[in-house]
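# Architecture at a glance
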Amino acid sequence: MALTIAGSDSGGGAGIQADLHTFAAHRVHGTSVVTAITAQNTRGVTAAESVGVDLVRAQLDAVLGDFSVVAVKTGMLGGEALLALVAQYGEAGRLPNLVVDPVMVTTTGDSLFSGDPAAYLARLGPLATVLTPNLIEARQLLGREITTVDDMREAARALATYGPRAVLVKGGHREEAASGPAPSGGLHEDALASGGHREHGGTRGSDEPGGARSGRGETGGAPRSSGEAASAAGDSGSAIDVLWCDGQMLELAAPRVATRNDHGTGCTLASAIAARLALGHPLPQAVSGAKAYVTEALRAAADWRLGLGPGPVDH
Ligand code: PLP
């Protein structure tokens, strides 16, 4: 049993919708606390409104007062009021196995957090089992440039000092990040997979968009330690991600999937980690297995045409 605390994406590609799809694909019952409603499609967000603090608190109490939630994922929190509320529940020990996706901005460049990015670290850093920033978010959280894999390692170490057990810095934006300032669009969460343990097992049922689905057969492998993965990744066509976990630096590499359909990859990755933690996977395996899952999600949806903009992955 898992819980997502996140915003609604009316286009069904990211947010609560992606999270619940991902939980279901893992055969994990999904509960949800909706923090915001966005009017959104593949081209962008046209309106967004936060849910009031009292109604979010009521949802948290309803879920946590009845269900034995084993793992929790947070996504869009909108602003500091809901960030503080969620932190209160975490501080009270009510959000076990907490995966914090510090959602700041969409692929299409729309802002999803109005507060101070540093507040994420101050409030949720100490409570997180794993923090999953992409490069843009890591840069906003730390206020420094991150372009090379060395920078990513340093960023993971720096973020870990705020208290999470693990930090996953996702390198999918590395090329874009290297070529300019924090983008206002065109961000790409990239293919992420366990270092050298990419499982295929990709029986997702029908190949058609919206077709019948079955869970993937992969089991999640252990990530490689630092030097190994870098050589496995090579210099071209690879996405390298850095995982700082229990004081160890690991690198995860995967081939880049050439597709414009990458909407919701960050949500899907974080909720797949939560689902795997709910299933009892150890943390590094939960992360690497979730990455393999996202790689397959990108591959499976690579040729879909579900809208005029970047379409969703196959959660
Ligand atoms: N919409 C909602 C409600 C989200 O929570 C998120 C990300 O967490 C997004 C949109 C952005 O998704 P993406 O950056 O993959 O487009």
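Residues numbered from 1 in each chain as written. Predicted model: local features only at pLDDT ≥ 70, side-chain atom pairs only at ≥ 80, totals over all residues.

### Notes on the overall build of the protein chain
Across its full length, the protein chain holds 10 helices and 10 strands. With 315 residues in all, the protein chain has 53% of them scored as buried. Residue pairs in contact within the protein chain that sit at least 24 positions apart in sequence constitute 73% of those at least 6 positions apart. (Helix = DSSP H or I, 4+ residues; strand = E, 2+ residues; numbered from the N terminus. Buried ≥ 20, exposed ≤ 12 C-beta atoms within 10 Å, placed from the backbone. Contact = placed C-beta atoms within 7 Å.)

### Some remarks on the environment of Thr132
The residue Thr132 is located in the loop between β6 (130-131) and α5 (135-142) in this model. In sequence terms Thr132 and Gly307 are 175 residues apart; their C-alpha atoms lie 27 Å from each other. Apart from residues no more than four positions distant in its own chain, Thr132 is found in contact with Val99, Val100, Asp101, Leu168, Lys170, Leu269 and Ala270.

### As for the environment of Val70
By the element assignment, Val70 lies in the loop between α2 (53-64) and β4 (71-74). Separated by 43 residues in sequence, Val70 and Phe113 have C-alpha atoms that sit 26 Å apart. Sequence-distant contacts of Val70, defined by excluding residues within four places in its chain, comprise Met1, Ala2, Pro96, Asn97 and Ala278.

### Comments concerning the site of the ligand
Around the ligand there are 19 residues in total, and Gly7, Ala14, Gly15, Met76 and Thr107 lie nearest to it. Its residues placed into classes, the shell around the ligand shows 6 nonpolar, 11 polar and 2 charged. (Near = placed C-beta within 6 Å. Nonpolar A, V, L, I, M, F, W, Y, C, P; charged D, E, K, R; others polar.)

### Observations concerning the packing of α2 against helix α3 (residues 80-91)
For the pair α2 and α3, the least separation of the axes is 10 Å and the interaxial angle reads 25°. Looking at the two axes, α2 sits roughly parallel to α3. Relative to α3, α2 is oriented so that their crossing is right-handed. Within the contact between the two elements, α2 uses Val53, Val56, Arg57 and Leu60 and α3 uses Ala81, Leu82, Leu85 and Tyr89. A per-class count over the contact of α2 with α3 returns 7 nonpolar, no polar and 1 charged. (Axes fitted to C-alpha atoms, helices over the stretch in contact; angles between N-to-C directions. Parallel < 35°, antiparallel > 145°, perpendicular 65-115°, else oblique. Left-handed = near helix turned anticlockwise from the far one by under 90°.)

### A word on unusual backbone geometry
With phi around 60°, Arg27 is a residue other than glycine that occupies positive phi space. At Asn97, a position not held by glycine, the phi torsion is positive, near 45°. Counting through the fold element by element, Asn97 comes out in the loop between α3 and β5 (98-100).

### Considerations on helix α1 (residues 15-25)
Counting buried positions over the 11 residues of α1 gives 10, a clear majority of the element. Within the span of α1, buried status applies to Gly15, Ile16, Gln17, Ala18, Asp19, Leu20, His21, Thr22, Phe23 and Ala25. Its buried side turned inward, α1 meets β1 (2-9), β2 (30-41), β4 and α9 (265-278). Arg27 sits one or two positions beyond α1 and adopts a positive phi of about 60°.

### Describing the environment of Thr108
Along the polypeptide, Thr108 turns up in the loop between β5 and α4 (117-124). By the C-beta count within 10 Å, which is 18 here, Thr108 ends up partly exposed. Distance in space between the C-alpha atoms of Thr108 and His263 is 8.9 Å, their sequence separation being 155 residues.

### Points about the confidence of the model for the protein chain
Looking at the protein chain, the pLDDT average stands at 82 and 79% of residues meet or exceed 70. Between residues 176-222, whose pLDDT stays under 50, and residues either more than four places distant or in other chains, the model counts 126 contacts. Across residues 226-236 the pLDDT falls below 50, and counting only partners more than four positions away or on other chains, this stretch makes 19 contacts in the model. (pLDDT = per-residue confidence, 0-100.)

### Thoughts on the pairing of β1
Burial of β1 is extensive: 8 of the 8 residues sit out of reach of the surface. Across 8 bridges, β1 lies against β2 in parallel orientation. Residue Ala6 lies in a different strand from β2, and its bridge partner there is Val34. Each parallel crossover has a hand, and for β1 linked through α1 to β2 it is right-handed. (Pairing = 2+ DSSP bridges. Right-handed = clockwise from strand over helix to strand, strands pointing away.)

### Thoughts on α9
The periodicity of an α-helix, 3.6 residues per turn, causes residues three or four positions apart to be oriented the same way. End to end, α9 covers 20 Å across 14 residues, agreeing with the expected 20 Å (1.5 Å per residue, within 8%). The element α9 is extensively covered by neighbouring structure, given that 14 of its 14 residues are classed as buried. Immediately beyond the C-terminal end of α9, within one or two residues, lies Gly280, with a positive phi of roughly 95°. (Expected span 1.5 Å × (residues − 1).)

### Considering the packing of α1 against α9
At a closest axis distance of 9 Å, the pairing of α1 and α9 adopts a crossing angle of 40°. Between α1 and α9, the crossing angle belongs to the class labelled oblique. Between α1 and α9 the crossing geometry is right-handed. Contacts between α1 and α9 involve Gly15, Ala18, Asp19, Thr22 and Phe23 from the first element and Cys267, Thr268, Ser271, Ala272 and Ala275 from the second. Classifying every residue of the contact of α1 with α9 gives 5 nonpolar, 4 polar and 1 charged.

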